[in-house]
Each structure stands twice: as structure tokens, then as C-alpha cells.
Amino acid sequence: MTDDLAATVAAAQAGDEESFRLLYRSLQPGLLRYLTALVGPDAEDVASETWLQISRDLSRFTGGEFRGWAVTIARNRAMDHLRRQRRRPALPVPVQALTDLAGDADTAERAGETIGTESALALIATLPPREAEAVLLRAVIGLDAQTAGQVLGRRPGAVRTAAHRGLRRLAALLERPDAAQPSDDERAAPPRPRPTPHASQVEPADG
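Residues numbered from 1 in each chain as written. Predicted model: local features only at pLDDT ≥ 70, side-chain atom pairs only at ≥ 80, totals over all residues. Heavy atoms only, no water.

Going by an unreviewed UniProt entry, the protein carries the name RNA polymerase sigma-70 factor, ECF subfamily and comes from Micromonospora rifamycinica.

See below:
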């Protein structure tokens, strides 16, 4: 966690409302895109539940990667929602062009702004679930591989590999003439989260 973010979190824990609003403004856009991929049009409701829990549990946050802690809460709330609804909604978002996704080593860092749009979520949802969620956490939320691995219950190397494969798969899809409008058969359900420990039980990353 950067020094600025750490200071903002500490101030919010001390009761500074403006600092909490700053945390919300900085994290909510990416969090909402991530939740949209998991629960579709109910993302706003799940995000509200997430922030209620963040507000309630913030005093117990003990440092590390705040975004990873918050995303773990969001993921748990999404799992609860899916269990209640017993459905896996298809994304209603139209797909627009994604560019410059192929590359070497750590493509996720280079793809953040391109993937971080609602129009991209439908195409991400066509990926295998492990790759889709790795791409969302790395490129949309901006977590490092270690923190994303803690959220997903996987090794950092496995998360890097899944994100890289997913981004390359997206690049290959975009080379197809019909990439802008995937067919109904190609459109996969959003990735259903795999159970992970409760947010309070996940040890935050060191950096």
C-alpha cells in the first residue's frame, strides 16, 4: 500500500469522513466493474453491501494492501448474493474495441485503462473463469499478483499466468472480424467466485 493510501486509511480509521470518501472515490469505479462481472446488474446493490461492511470493519483493518482487503469483502458479498439468487446472469453490456492487450511479461499493468471500461466486461466474461477473474483483479482493480493471489486463494505465479493468458486470449478474440459483437453461444456466464477465507482471515500483502 502506498504511503498516501496508508495515510488516508489511517485517517479514515480515526474517524475522518473526508478520508473515507476519498477511499470510496478511489476504489469504487474498479470495484463496481469487478462486481458487474460477478453478479451483473445487481453490482450496485452488492457494492453498497460491501461498503457497509468496510465501514463497519475498518477499525479492525491492521495494515497491508487495503484494496485487497476491500476486494475480498466484495467477493464474499458477491458469493453470498449468488447463493441467494442461485443464478449466473449474462452481462448486458455491449462490447467495444479493446486494443494493445498482447504483450510480454506483465501485460496486466499496461492494459488497465483499456480494460477498465464497462464495454469490456462482456468480452472478459467470455474467458475461462480463472483467467477472467485474474484479469479483473490485476487490470481493473490494479492488485499486484501477491494480493490478487490472496483474494483468490491461489499462488501469485498462478495469478500472473492466468492474467497473462486471459489478456492474450482477449487480444486473439479482437483480431476476429466479429470481435465487436460476440455471439450468444460465445458469451459465457460471469466467473463464479470460488470460496475463499473471510476477509478478516486473509492476511494482507506486504507490498
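Additional details are given in the paragraphs that follow.
Caption draft 1: Spatial organisation of the packing of aromatic side chains. A complete count under the given rule lists 5 aromatic pairs for this structure. Ring centres of F20 and W51 lie 5.8 Å apart, and the angle between their planes is 85 degrees; this geometry places the pair in the edge-to-face category. Separated by 31 residues along the polypeptide, F20 in helix α2 (residues 17–39) and W51 in helix α3 (residues 43–57) bring together distant segments of the chain. Overall, F20 belongs to the partly exposed group, its relative accessible area being 23%. Here W51 falls in the buried class, since its relative accessible area comes to 7%. Ring geometry for F61 against W69: centres 5.1 Å apart, planes inclined by 45 degrees, an arrangement best described as tilted. (Phe/Tyr/Trp six-rings, centres within 6.5 Å; stacked < 30°, edge-to-face > 60°. Helix = DSSP H or I, 4+ residues; strand = E, 2+ residues; numbered from the N terminus. Buried < 20%, exposed > 50% of the residue type's maximum accessible area, 1.4 Å probe, protein only.)

Caption draft 2: Molecular detail of helix α4 (residues 66–85). Between its first and last C-alpha atoms α4 spans 29 Å; for 20 residues at 1.5 Å apiece the expected length is 28 Å, and the two agree. Counting buried positions along α4 gives 15 out of 20 residues, so the element sits mostly inside the fold. Where α4 starts, the residue carrying a side-chain oxygen 2.9 Å from the main-chain nitrogen of R67 turns out to be E65. (Expected span 1.5 Å × (residues − 1). Polar contact = N/O pair within 3.5 Å; in protein donor to acceptor, adjacent residues only side chain to side chain.)

Caption draft 3: Geometry of the packing of α2 against α4. At a closest axis distance of 10 Å, the pairing of α2 and α4 adopts a crossing angle of 35 degrees. Regarding α2 and α4, the two cross each other, and that crossing is right-handed. Of α4, the residues touching α2 (which contributes L23, L27, L31, Y34, L35, L38 and V39) are F66, R67, A70, V71, A74, R75, A78, H81 and L82. Its residues assigned to classes, the contact of α2 with α4 comprises 13 nonpolar, 1 polar and 2 charged. (Axes fitted to C-alpha atoms, helices over the stretch in contact; angles between N-to-C directions. Left-handed = near helix turned anticlockwise from the far one by under 90°. Contact = heavy atoms within 4.5 Å. Nonpolar A, V, L, I, M, F, W, Y, C, P; charged D, E, K, R; others polar.)

Caption draft 4: Just the confidence of the model for the protein, in detail. The share of residues in the protein with pLDDT of 70 or more is 66%, and the mean pLDDT across the chain is 75. In the predicted structure, residues 88–116 sits below a pLDDT of 50 and forms 74 contacts with residues beyond four places in sequence or in another chain. Predicted confidence is poor over residues 197–207, with pLDDT under 50, and the contacts of this stretch with residues over four places away or in other chains come to 25 contacts. (pLDDT = per-residue confidence, 0-100.)

Caption draft 5: View of the side chain of R138. The residue R138 is located in helix α8 (residues 129–141) in this model. The exposure class of R138 is buried, given its relative accessible area of 6%.

Caption draft 6: Representation of the packing of helix α1 (residues 3–13) against α2 in the model. Interaxial distance between α1 and α2 falls to 7 Å at its minimum, and their mutual angle equals 130 degrees. Between α1 and α2, the interaxial angle falls into the category oblique. Note that α1 runs across α2; the crossing there is left-handed. Of α2, the residues touching α1 (which contributes L5, T8, V9, A11 and A12) are S19, F20, L22 and L23. Considering only residue class, the contact of α1 with α2 consists of 7 nonpolar, 2 polar and no charged. (Parallel < 35°, antiparallel > 145°, perpendicular 65-115°, else oblique.)

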